[in-house]
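Reading the structure
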Amino acid sequence: VNAAIQQMGKRLPVEYKLAKFAPVPFEPIHVLAWTRLLTLQLSNGWGHELARAHFVEALGPELAAELDIRHDPRNPATLPNGIEFNALAPDGKMQAMKGPFLKDLGGSNAWALKGKRTDTGKPYLCADPHLAPLMPGIWYQIYLEAPDFRVQGVSLPGMPLVMIGHNSHIAWGITLAFSDIQDLFVEQFEAGTSRKYLHKGEWKTAEVFPETIHIKGKAEPHIEDVVVTHNGPVVSSVVKTGGQVLALNSPALRPSALTMGWYQMDQARNWNEFVAAMRFIEAPGLNIVYADVAGNIGYWMTGKTPIRGKGNGEMPSIGWTGEYDFKGFVPFEEMPHTLNPDRGYVVSANNKVVNADFPHFMGNVWMNGYRARRIEELLLQKDKWRRDDFPAIHMDVFCRPGLEFVAHLKDVANVEGKMKQARDRMVGWDGQLTTNSVGGCLYQVVRRELLSLLFRLGTEHHHHEPWLIGRGMDPVLFTVSEFQGKDTTALLDLLQNPESKLLALAGGKAAALGKALENAILFLEKTLGPGLESWQWGRIHTLEFPHAMAIQKPMDIVFNAGPYPIPGDTDTVFQTSIRPELPYSANLAIPSYRQIVDLANFDRSLWIKPPGQSGQLGSPNYDDQVAPLLEGRYFPMLWNPEAVAGYATKVLELIP
């Protein structure tokens, strides 16, 4: 990086000229800081505490409970049998044993299929992490080779190593675990000081770290005093009446050798070396799906998960008594994991990882599980899977909760005209959330209008509403909370509950749905025009890859790619989710990368990474992977040098 900066001199990319600044020399601290920021962004456990506090304040605890996070018991857990550990013997038979290490025997979406269920007799491993659409894309494709080091996949600019991919021996995919590894604590500070706080009857002195922040256009830097208690940094201002603040206890903010985890995983040759690498990834909480050339498949959940003295971290905890303090962390060997499960596959889609009988509390903010359920249903439709069967799973847009929701519209009777047409179109919808679907579009808008209607009943606290559907604490760093996507299951439960007080306040289920439908029609007429056939999902659900320079108009026209009509939603395997406060574009998460790794022959593997491999405006590779992604096409993920040379059109050699 520094050689490139030096060689370019004043011939910098146009973004630097427009912003009127030059890059500083790259140092190891930049890598570590960027790694730490991403780790914090991807760690879960405190956003839902603030969100729940907001709508309990607005609705009261009883009504808020009807819209709280819950899980459909029909949707699967990644490890339904808890820790399951089977060694693969030389004769191909399974031998149950204790893990997590093998003895010598002679998300996003990710899944792995064992050889007994594939055409090659070896595993396939598929992955498609879902992240925000950006220009340039968050990932870049890379092949790294050095003595005793050979690995291929995607990495993040500013970070070393390959994050998702394969080496000569193993392959892996990653999804976000949504395990609850962070808590907020209400700390009681002494009046008139920002240093003394109460803990177990004693006044302790908080550490203070002055941070210098240089601001463009300002002669003097801003000095931010970071106050840290034994729980962690204070993340809220002192409340004038009482001196109470919120402190965040998070493994993501404590020292760790995170990068060493990926360094060892990139070089791992087998399950034991893979597990050894997992020990270093103390945050964030990730699901890492595994497969190797010997025929094994497996899974590991990363992240130091706290053992709480009291409570389970659903709301900010009292800090001054010490009774809610972390008492330790789940032992590494007892973290959820599996090797060669009897059913022959592992599926991870941000869904619940373990059932309630697991001996440790891992959290309760998992995504609702509809994607995992659909992937399992599709995998069970074939006895033997081929490489070219998997793109259909990546592209699947069947929305099961949408189909369950629209069935309730049958209760909306005595309607006529456009209301009747719209209701009938919803009731007759096939559940496929394609870009031209009218029924699917109506489902999305009616569902959101119903949520808004219910939340506003009997409350003037309208500013709390976005928290219900997952708005985050910060529009840049924490755009959503753990409530994002959870309203789907809450609404379905509520619509099936004849005792619902929220629905009673709205005049009953039929009246609430009728009003939501009426409001949805008004919105769609205003947005898309009066014709029912024009209310197609892809006309309001579009994908755009925003560039950082787009903050200044009209730079968005120059630098951005899109918009493109795009199918799916939060609950489809082809996930295209929406920021709660900015509907209805696919502006929160899309498949940021897809891979299909063939453990029998790496040269038959496939990948695709939107928007393109190049971040240089004007390059033919700037956005040339968007159309293939939307169409379900891939590029060869070639491995052997001879295969790469035969496929290459150009070779660029960089010599510092």
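Provided above is the structure to which this section pertains.
Residues numbered from 1 in each chain as written. Predicted model: local features only at pLDDT ≥ 70, side-chain atom pairs only at ≥ 80, totals over all residues. Heavy atoms only, no water.

**A few points about the overall build of the protein chain**
Helices and strands together make up the secondary structure of the protein chain, namely 20 helices and 30 strands. The C-alpha atoms of the protein chain give a radius of gyration of 26 Å, which matches the 26 Å a tight globule of 656 residues would have. Each principal axis of the C-alpha distribution contributes one length, and for the protein chain these read about 70 × 65 × 60 Å. Across the 656 residues that make up the protein chain, the buried fraction comes to 54%. Averaging the positions of the 62 positive and the 70 negative side-chain charges in the protein chain gives two centres separated by 2 Å. (Helix = DSSP H or I, 4+ residues; strand = E, 2+ residues; numbered from the N terminus. Rg over C-alpha atoms; globule rule 2.2 N^0.38 Å. Buried < 20%, exposed > 50% of the residue type's maximum accessible area, 1.4 Å probe, protein only. Lys, Arg positive; Asp, Glu negative; His and termini not counted. Charge placed at Lys NZ, Arg CZ, Asp CG, Glu CD.)

**A short note on the pairing of strand S28 (residues 594-598)**
Most of S28 sits out of view: five of its five residues are buried. Burial of the side chains of S28 extends over both faces: Arg594, Ile596 and Asp598 are buried on one face and Gln595 and Val597 on the other. By the bridge criterion, four bridges tie strand S4 (residues 124-128) to S28 in an arrangement that is antiparallel. Bridged to Leu125 within S28 is Val597. (Pairing = 2+ DSSP bridges.)

**Some points on helix H8 (residues 370-379)**
Owing to its 3.6 residues per turn, the α-helix brings residues three or four apart onto one side. Burial runs high along H8: nine of the ten residues are buried. Those residues of H8 that fall on the buried side of the exposure criterion are Tyr370, Arg371, Ala372, Arg373, Arg374, Ile375, Glu376, Leu378 and Leu379.

**Considerations on the packing of H8 against helix H10 (residues 400-407)**
Packed helix pairs are specified by the crossing angle of their axes together with the interaxial distance, meaning the distance between the axes. Here H8 crosses H10 at 110 degrees, and the two axes come no closer than 9 Å. Accordingly, the angle class assigned to the pair H8 and H10 is roughly perpendicular. Between H8, through Tyr370, Arg373 and Glu377, and H10, the contact on the second element is made entirely by Arg400, Pro401 and Glu404. Of the residues belonging to the contact of H8 with H10, the class tally is two nonpolar, no polar and four charged. (Axes fitted to C-alpha atoms, helices over the stretch in contact; angles between N-to-C directions. Parallel < 35°, antiparallel > 145°, perpendicular 65-115°, else oblique. Contact = heavy atoms within 4.5 Å. Nonpolar A, V, L, I, M, F, W, Y, C, P; charged D, E, K, R; others polar.)

**Topic: the sheet that holds S4**
Read across the sheet, six strands follow the order S22-S3-S4-S28-S29-S30 without closing on themselves; strand pairing throughout is antiparallel. Both edges of this open sheet fall to strand S22 (345-348) and strand S30 (635-636), since each of them pairs with a single strand only. Of the strand pairs in this sheet, strand S3 (residues 109-113) and S22 are connected by four bridges, and their pairing is antiparallel. In the strand pairing of S22, Ala112 is matched with Val346. Taken strand by strand, H8 contacts S3 and S22, and its axis lies near 150 degrees from that of S22.

**Quick notes on the pairing of S4**
The buried fraction of S4 amounts to five of the five residues, a majority that puts the element mostly inside the structure. Neither face of S4 is open: one carries Tyr124, Cys126 and Asp128, the other Leu125 and Ala127, and all of them are buried. In terms of strand pairing, S3 meets S4 through five bridges, oriented antiparallel. Across the sheet, Asn109 pairs through a bridge with Asp128, a residue of S4.

**Thoughts on the sheet that holds strand S15 (residues 244-249)**
Reading across from one edge, S15-S10-S19 is the order of the three strands in this open sheet, with mixed pairing throughout. This sheet does not close on itself; its edge strands, each paired only once, are S15 and strand S19 (317-318). Relative to S15, strand S10 (residues 183-188) runs antiparallel, the two sharing six bridges. Residue pairing for S15: Leu184 is matched across the bridge by Leu248.

**Describing the packing of aromatic side chains**
Under the counting rule described, the total for this entry stands at 17 aromatic pairs. Between Phe326 and Phe329, the aromatic rings sit 6.2 Å apart at their centres with planes inclined by 80 degrees, giving edge-to-face as the arrangement. A residue is classified by how much of its surface remains accessible, and Phe326, at 16% relative accessible area, is buried. The aromatic ring of Trp639 is capped on one face by Arg150, whose charged end is 4.0 Å from the ring centroid. The residue whose ring lies beneath Lys304 is Phe329, and the NZ or CZ to ring-centre distance is 4.4 Å. (Phe/Tyr/Trp six-rings, centres within 6.5 Å; stacked < 30°, edge-to-face > 60°. Lys NZ or Arg CZ within 6 Å of the ring centre and 35° of its normal.)

**Observations concerning the pattern of salt bridges**
Here the structure, examined in full by the defined rule, presents 23 salt bridges. A salt bridge links Glu377 to Arg400; the shortest N-O distance between them is 2.5 Å. With a gap of 23 residues between them, Glu377 in helix H8 and Arg400 in helix H10 connect regions that are remote in the sequence. In this structure Arg400 comes out as partly exposed when scored by relative accessible area, which is 22%. A salt bridge links Arg425 to Glu533, with the nearest nitrogen and oxygen atoms 2.5 Å apart. (Salt bridge = Lys/Arg side-chain N within 4 Å of Asp/Glu carboxyl O.)

**With respect to the nonpolar core**
In this structure, Trp172, Trp262, Phe274, Met278 and Ile288 are the most contacted members of the largest nonpolar core, which totals 61 residues. Of all elements in the fold, only S3, S4, strand S7 (149-155), strand S9 (170-176), helix H6 (258-267), helix H7 (271-278), strand S16 (286-292) and strand S17 (297-301) reach the threshold of two or more residues within this core. With 49 residues, the next largest nonpolar core counts Leu63, Val415, Ala520 and Tyr584 among its residues. (Core = buried A, V, L, I, M, F, W, Y, C linked by side-chain atoms within 4.5 Å.)

**Re a nonpolar patch on the surface**
On the surface, a nonpolar cluster with roughly 430 Å² of combined accessible area is contributed by Val14, Leu18, Ile557, Val558 and Leu617. The set of elements that each furnish at least two residues to the nonpolar patch consists of helix H2 (14-19) and helix H18 (555-559). Of note, Val14 is situated in helix H2. With a relative accessible area of 37%, Val14 lands in the partly exposed category. (Patch = residues over 30% accessible without salt bridge, like charges linked within 9 Å, V, L, I, M, F, W, Y side chains within 5 Å. Areas by Shrake-Rupley, 256 points an atom, 1.4 Å probe, with all protein chains shown as cover.)

**A closer look at the environment of Pro73**
Structurally, the position occupied by Pro73 is in the loop between helix H5 (61-65) and strand S1 (84-88). On the basis of relative accessibility, which here comes to 75%, the residue Pro73 falls in the exposed class. For the pair Pro73 and Gln7, spaced 66 residues apart in the sequence, the C-alpha separation amounts to 59 Å.

**Observations concerning H10**
If you check which residues of H10 are buried, you get Pro401, Gly402, Glu404, Phe405 and Val406. On the buried face of H10, the contacting elements are H8, helix H11 (417-427), helix H12 (438-455), helix H14 (487-495) and helix H16 (509-528).

**Here's the deal with the packing of H10 against H12**
In contact at an axis separation of 10 Å, H10 and H12 are set at 70 degrees when each is read in the N-to-C sense. Classified by the interaxial angle, the pair formed by H10 and H12 is roughly perpendicular. Between H10 and H12 the crossing geometry is left-handed. The residues of H12 that touch H10, namely those facing Pro401, Gly402, Phe405 and Val406, are Tyr443, Val446, Arg447 and Leu450. A per-class count over the contact of H10 with H12 returns six nonpolar, one polar and one charged. (Left-handed = near helix turned anticlockwise from the far one by under 90°.)

**Looking at the side chain of Ser155**
Positionally, Ser155 belongs in strand S7. Here the side chain of Ser155 touches Met159 through a polar contact of 3.4 Å, landing on its backbone oxygen. If we skip the residues at most four places from it in the chain, Ser155 touches Ile138, Trp139, Tyr140, Ile142, Pro160, Leu161, Val162 and Met163. (Polar contact = N/O pair within 3.5 Å; in protein donor to acceptor, adjacent residues only side chain to side chain.)

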